Amino acid sequence: MFPKPVAALTPNTYAYESSPMVKATGFREYDARWLFEKEINLMGVQALGMGLGTLIHEMGVKPEIVTGHDFRSYSASIKMALVTGLMAAGIKVHDIGLATTPMTYFAQFELDVPAVAMVTASHNDNGWTGVKMGAARPLTFGPDEMGRLKEIVLEAAFDTRGGGSYHFVENFPSRYIADLTNRPKLKNPIKVVAACGNGTAGAFAEKILSAIGAEVVPLDCELDHSFPRYNPNPEDMKMLHAIAETVRETGAAVGLGFDGDGDRCGVVDNTGEEIFADKVGVMLARDISRLNPGAQFVVDVKSTGLFLTDPVLQENGAKTDYWKTGHSYIKRRVNALNAMVGFEKSGHYFFNAPIGRGYDDGFVSALAILDMLDRNPGQSMADLRDALPKTWGSPTMSPHCDDEKKYDVVERVVARFKDMQAKGEKLDGQPIADLITVNGVRVVAEDGTWGLVRASSNKPELVVVVESPVSEERMRAMFKSVDGVLRENPEVGAYNQSI
């Protein structure tokens, strides 16, 4: 028997070393995230492995799994604890070692293995750990699977049948890199800044981009799990500013920033202007729908309204579906609609065949961006950006809100906006034209200005985004109005960044 996990233990005690600790809030909507040593310990990770193995058998999937880990000081230890739990539950483990998350997704196809468990804290700060999981490539778990996994682990309802095994796959990254770069080289010379924030992608970025013909200027590509300059997160303005400065210094055509586990890509144009990932998505959608008229796209509710209103996309017959934010949600929606691409404002892009395999990969996104530039040799990244209809948008802003409280707060905010709309109340003098509640609430004013509030799926915080097709003043007014409603809830704390 394995002990039932408890929610909290005191470190540096006998109990901490002899009992599994797993805080329930770590089981999130589509993956798992905990503060290591505060919310989960190594025995807790073992319990997670046993639970995942039990669930794989329950799902009737072949009992084999791919695993890998990101570049953090503790990730390899966490992965091996997970592996012992998986083997105890009778799973054959294929370990590809230090890897980006998309490498493990690719390994499911390359090694013909149905399930995946990638140990990564993604872009979260040091101290965090987690696991991205799936058992039906190219999809990852959603709320149903995560809910069942939580139930198995917290109740210690493990099927520890034994009979598992462990196999280390040597030099797997070379197979991934060969698959990505076995393609025609770029026709035109291009200089690219590749920024990795000292995270996992730094081990591979220069090799991949140079192999397709780009001249690469590496920025913070040396692996250093202390992340000395900034967190590897292409939504973080610090990282974007560092890329912009290097682009201007070197005269690069574009700057590309990769997050801590390599499944996202952020973009800075040739002038050093940071382009939010949803706007890059519109540029890519224009390019792809020109080659594929009538193309279907999926975007998350945080993304710009241009996917519906852009005249070029309309002329190309492009169709866009707005869906829930989150890599698992968009991945599933892309799969269900057989869309060409799914775009998230966070920089997760999901390219389906013929470009990708349906999962999010920052390097596949980077190659798609370079291909777009290569197909438009007379236009710079700034030219392509300037060709879009003008809108004024905010970065993703996240006020603190405890995991145990954030969903209740969002429910109250949704109810408040519904009440305002029902009573005909105005937001900064504008009637509420629409409320989109597929994921939190996106409140749309009569002039097209909108603001979004939703609960973060992976951190104790809310997510706020605003955009206006009218003016910066209207965008700021919307933020003030949305923030005013948020501040009616004392559980909402300070923003990580703001406009």
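In what follows, the structure referred to is the one given above.
Residues numbered from 1 in each chain as written. Predicted model: local features only at pLDDT ≥ 70, side-chain atom pairs only at ≥ 80, totals over all residues. Heavy atoms only, no water.

Teacher, can you tell me more about the packing of helix 2 (residues 42-58) against helix 3 (residues 75-88) here?
Two numbers describe a pair of packed helices, the interaxial angle and the distance between the axes. For the pair helix 2 and helix 3, the least separation of the axes is 7 Å and the interaxial angle reads 40°. One way to sum up the angle between helix 2 and helix 3 is to call them oblique. For the crossing formed where helix 2 meets helix 3, the hand is right-handed. Within the contact between the two elements, helix 2 uses Leu42, Val45, Gln46, Leu48, Gly49, Met50, Leu52 and Gly53 and helix 3 uses Ser77, Ile78, Ala81, Leu82, Thr84, Gly85, Leu86 and Ala88. Residues of the contact of helix 2 with helix 3, tallied by class, amount to ten nonpolar, six polar and no charged. (Axes fitted to C-alpha atoms, helices over the stretch in contact; angles between N-to-C directions. Helix = DSSP H or I, 4+ residues; strand = E, 2+ residues; numbered from the N terminus. Parallel < 35°, antiparallel > 145°, perpendicular 65-115°, else oblique. Left-handed = near helix turned anticlockwise from the far one by under 90°. Contact = heavy atoms within 4.5 Å. Nonpolar A, V, L, I, M, F, W, Y, C, P; charged D, E, K, R; others polar.)

Before we go on, may I ask you to explain the sheet that holds strand 8 (residues 215-219) in this structure?
Within a sheet, neighbouring strands are paired by backbone hydrogen bonds and run either parallel or antiparallel to one another. Reading across from one edge, 8-7-9-10-11 is the order of the five strands in this open sheet, with mixed pairing throughout. At either end of the open sheet lies a strand with only one pairing partner, and these are strand 8 and strand 11 (274-275). In this sheet, strand 8 lies alongside strand 7 (residues 191-195) in parallel orientation, the contact comprising five bridges. If you follow Val192 over to strand 8, its bridge partner there is Val216. Of the strands in this sheet, strand 7, strand 9 (254-258) and strand 10 (265-268) are in contact with helix 13 (residues 362-375), which crosses strand 9 at around 170°. (Pairing = 2+ DSSP bridges.)

I'm lost on helix 13 in this one. Help?
Residues spaced three or four apart along an α-helix point in a common direction, a consequence of the helix completing one turn every 3.6 residues. For helix 13, spanning 14 residues, the distance from its first C-alpha to its last is 20 Å, which sits close to the expected 20 Å at 1.5 Å a residue. The element helix 13 is largely enclosed, with a buried count of 13 among its 14 residues. The backbone nitrogen of Phe363 lies 2.9 Å from a side-chain oxygen of the residue at the head of helix 13, namely Asp361. (Expected span 1.5 Å × (residues − 1). Buried < 20%, exposed > 50% of the residue type's maximum accessible area, 1.4 Å probe, protein only. Polar contact = N/O pair within 3.5 Å; in protein donor to acceptor, adjacent residues only side chain to side chain.)

I would appreciate a short explanation of the sheet that holds strand 1 (residues 32-35) in the present structure.
With respect to topology, six strands assemble into an open sheet ordered 1-5-4-2-3-6, the strand pairing being mixed. Each edge of the open sheet carries a strand with a single partner, namely strand 1 and strand 6 (165-168). In this sheet, neighbouring strand axes are inclined to one another by 20° on average, regardless of whether the strands run parallel or antiparallel. Its contacts with the sheet place helix 4 (residues 101-110) against strand 2 (64-69), strand 3 (92-98), strand 4 (115-119) and strand 5 (128-134), and it is angled at close to 165° to strand 4.

What exactly am I supposed to notice about the side chain of Ser365 here?
With respect to the helices, strands and loops of the structure, Ser365 is situated in helix 13. Residue Ser365 is classed as buried on the basis of its relative accessible area, which comes to 0%. Those residues within four positions of Ser365 in sequence are excluded, and the remaining contacts are Cys265, Tyr349 and Phe351.

What is the right way to look at the pattern of salt bridges in this model?
A side chain with one charge may pair with a side chain of the opposite charge, provided their charged atoms come close. Under the counting rule described, the total for this entry stands at 40 salt bridges. Note that Glu151 and Arg148 form a salt bridge whose closest N and O atoms lie 2.4 Å from each other. Of this pair, Glu151 and Arg148 are both found in helix 5 (residues 143-154), three residues apart, which corresponds to roughly one turn of the helix. Judged by relative accessible area, which is 27%, Arg148 ranks as partly exposed. One network of salt bridges, in which partners are shared, links Glu235, Asp259, Arg264 and Lys302. (Salt bridge = Lys/Arg side-chain N within 4 Å of Asp/Glu carboxyl O.)

Hey, could you run me through helix 15 (residues 403-422) in this one?
With 20 residues, helix 15 extends 30 Å from end C-alpha to end C-alpha; this agrees with the ideal 28 Å at 1.5 Å per step. Listed in full, the buried residues belonging to helix 15 are Asp403, Lys406, Val409, Val410, Val413, Val414, Phe417 and Met420. End-on, the buried residues of helix 15 take up no more than an arc of 140°, which puts them together on one face. In helix 15, the exposed positions that point more than 90 degrees away from the buried face belong to Glu411 and Ala422. Tucked into the core, helix 15 has its buried residues touching strand 17 (426-427), strand 18 (430-436), strand 19 (441-445), strand 20 (450-455), strand 21 (462-468) and helix 16 (472-486). In the segment just after helix 15, Gly424 is the residue with positive phi, at about 75°. (Arc of directions from axis to C-beta.)

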